[in-house]
Amino acid sequence: MELHGTQVVKYVLFVCVLLALLSTSAVCGKRLHEKIYESFFGGSCFRRLNGTHQTGCSSAESGSVGALHYVDDNNQLEFLLNSPPAPPYAAILKSDFFTRPNMMRLKNEGGRNITAVIVLNAFNNYTGDTVSFSHELKCPNQFSGILKPNSVETSTCSAMRPEDTWNPWGSGLLHEDFPFPIIIIPDNETVVRLIECFKRFNSFDYENQHLRSLCAVEIKSFMSAAVSTEVCWRRSNYINNLAQTRYCDPLEGKNIYATLFPRKIVDVQEEDDKRAAQVDRNEKFIIVTTRMDTTGMFEGVYGE
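The rules behind each value
- Residues numbered from 1 in each chain as written.
- Predicted model: local features only at pLDDT ≥ 70, side-chain atom pairs only at ≥ 80, totals over all residues.
- Heavy atoms only, no water.
- UniProt positions renumbered as here; feature names shortened; annotations may be inferred.
- Helix = DSSP H or I, 4+ residues; strand = E, 2+ residues; numbered from the N terminus.
- Buried < 20%, exposed > 50% of the residue type's maximum accessible area, 1.4 Å probe, protein only.
- Contact = heavy atoms within 4.5 Å.
- Areas by Shrake-Rupley, 256 points an atom, 1.4 Å probe, with all protein chains shown as cover.
- Phe/Tyr/Trp six-rings, centres within 6.5 Å; stacked < 30°, edge-to-face > 60°.
- Lys NZ or Arg CZ within 6 Å of the ring centre and 35° of its normal.
- Axes fitted to C-alpha atoms, helices over the stretch in contact; angles between N-to-C directions.
- Parallel < 35°, antiparallel > 145°, perpendicular 65-115°, else oblique.
- Left-handed = near helix turned anticlockwise from the far one by under 90°.
- Nonpolar A, V, L, I, M, F, W, Y, C, P; charged D, E, K, R; others polar.
- Salt bridge = Lys/Arg side-chain N within 4 Å of Asp/Glu carboxyl O.
- Polar contact = N/O pair within 3.5 Å; in protein donor to acceptor, adjacent residues only side chain to side chain.
- Pairing = 2+ DSSP bridges.

Looking up the chain in an unreviewed UniProt entry gives the name Nicastrin, with the organism given as Musca domestica. Quoted verbatim from the Subcellular location (unreviewed entry) field of UniProt, the annotation for the chain is "Membrane".

Okay, here's the thing in structure tokens:
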């Protein structure tokens, strides 16, 4: 009995020591992670679907990794698009470089060299002639409205003629499909840290970047929606119909209404012989409605 008890005690002590070692390893691992990596948050571009296409952007399912490269002039943009030495890269764009021509070049010419785009403090520090920006189209329902005969224009708006354009600053980026994630960093402290990391580790001896460690980022903003609205709804109903998480959600909003003049208040006799003031339930009025949309390319950051 004593021998058996001794064996039990040794077993318990071994388990306690093992648990203590595992706990210590977890704490040390967490501290090591905090010393090597730094987390930051931003507004991410997300995937949208319509009847035939998908637009927006998404990271890889396991995250998109790329070495930081700060694009503050055209030479830096050309560097990324002409066989850079240590791909893949995550391009950091100044606000005034976040334009349709630059983004389309990164999309069409970047290939596998570009895995992410980070926009710094967007729309707060535009300079020069670029004083306004919109990610929407120049005309509402530009590709789905009723067009004039033998024309690509609607009867109320022309994307080709500035004088007949509803949204002259429209870039249409909201309706493009990008193969890499795009995030916006509105926090100035994070902006400073990203630029300092690039300058300290990446911004020298570009030709030999592949021979040394570089400052890089990993962006996780994976979107499972794909192809079109019809396909996404079918996948949601067929594969994931018992789970709360779905492949796609409808774009919804709120109805807002107001009266032009204050509504008439009348006295109403209640059951306890008291009188109360309320609006007249027999009141007649005319409702004038219109459709007004607000949308944003980056979730939770701003609307248009």
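As for the overall build of the chain
Within the chain, the secondary structure is distributed over five helices and 10 strands. Looking at the chain residue by residue over its 304 residues, the buried ones come to 32%. Taking the contacts inside the chain whose residues are at least 6 apart along the sequence as the reference set, 67% of them involve residues at least 24 apart. Only carbon and sulfur atoms are counted for the fraction: they give 55% of the accessible area of the chain, which is about 21300 Å².

Brief notes about the packing of aromatic side chains
The full count for this structure, using the stated rule, is six aromatic pairs. Note on Phe79 and Tyr89: the rings are 6.0 Å apart at their centroids and 80° apart in plane angle, and the pair reads as edge-to-face. Taken as a pair, Phe79 in helix H2 (residues 74-81) and Tyr89 in strand S5 (residues 89-93) lie far apart in primary sequence, 10 residues in all. Each member of the pair, Phe79 as well as Tyr89, carries the same accessibility label: buried. Their ring planes at 35° and their centres at 5.8 Å tell us that Phe178 and Phe180 sit as a pair that is tilted. For the pair shown, Phe178 and Phe180 are each scored as buried. A network of ring pairs unites the aromatic residues Phe79, Tyr89 and Tyr206 as a single cluster. Geometry around Phe178 places Lys107 over its ring, the cationic atom sitting 5.7 Å from the centre. Cation over ring: Arg212 sits above Phe204, and NZ or CZ is 4.0 Å from the ring centre.

Section: the packing of H2 against helix H3 (residues 100-109)
The contact between H2 and H3 brings their axes to 10 Å, and the two run at 15°. With respect to their mutual orientation, H2 and H3 come out roughly parallel. Crossing angle aside, the handedness with which H2 passes H3 is right-handed. For the pair formed by H2 and H3, the contact residues are Leu77, Glu78 and Leu81 on the first element and Asn102, Arg105, Leu106 and Glu109 on the second. Looking at the contact of H2 with H3 residue by residue, the classes come out as three nonpolar, one polar and three charged.

A closer look at the environment of Gln76
Assignment of secondary structure puts Gln76 in helix H2. Ignoring anything within four residues of it in the chain, the contact list for Gln76 reads His69, Tyr70, Val71 and Tyr206.

Thoughts on the pattern of salt bridges
The tally for this structure, following the rule as stated, stands at seven salt bridges. When the shortest N-O distance is used, the salt bridge between Glu109 and Arg105 registers 3.1 Å. Here the residue Glu109 and the residue Arg105 both occupy positions in helix H3, the gap between them amounting to four residues, near one helical turn. Between Arg161 and Asp164 there is a salt bridge; the shortest N-O distance is 2.8 Å. Relative accessible area serves as the criterion here: at 31%, Asp164 is assigned to the partly exposed category.

Some thoughts on the environment of Ser64
Secondary-structure assignment places Ser64 in strand S4 (residues 64-71). For Ser64, the contacting residues outside a window of four places in its chain are Ser59, Thr115, Pro181, Val217, Glu218 and Ile219.

Some remarks on the side chain of Ser158
Looking at the secondary structure, you find Ser158 in the loop between strand S6 (114-120) and strand S7 (182-185). In this structure the side chain of Ser158 is engaged in a polar contact, spanning 3.3 Å, whose partner is the backbone nitrogen of Met160. For Ser158, the contacting residues outside a window of four places in its chain are Cys139, Glu153, Asp164 and Thr165.

Let's talk about the pairing of strand S8 (residues 216-219)
In S8, alternate side chains face the same way, and those of Val217 and Ile219 are buried while those of Ala216 and Glu218 on the opposite face are not. Sheet analysis places S4 next to S8, joined by four bridges and oriented antiparallel. Counted as the bridge partner of Ser64 is Ile219 from S8.

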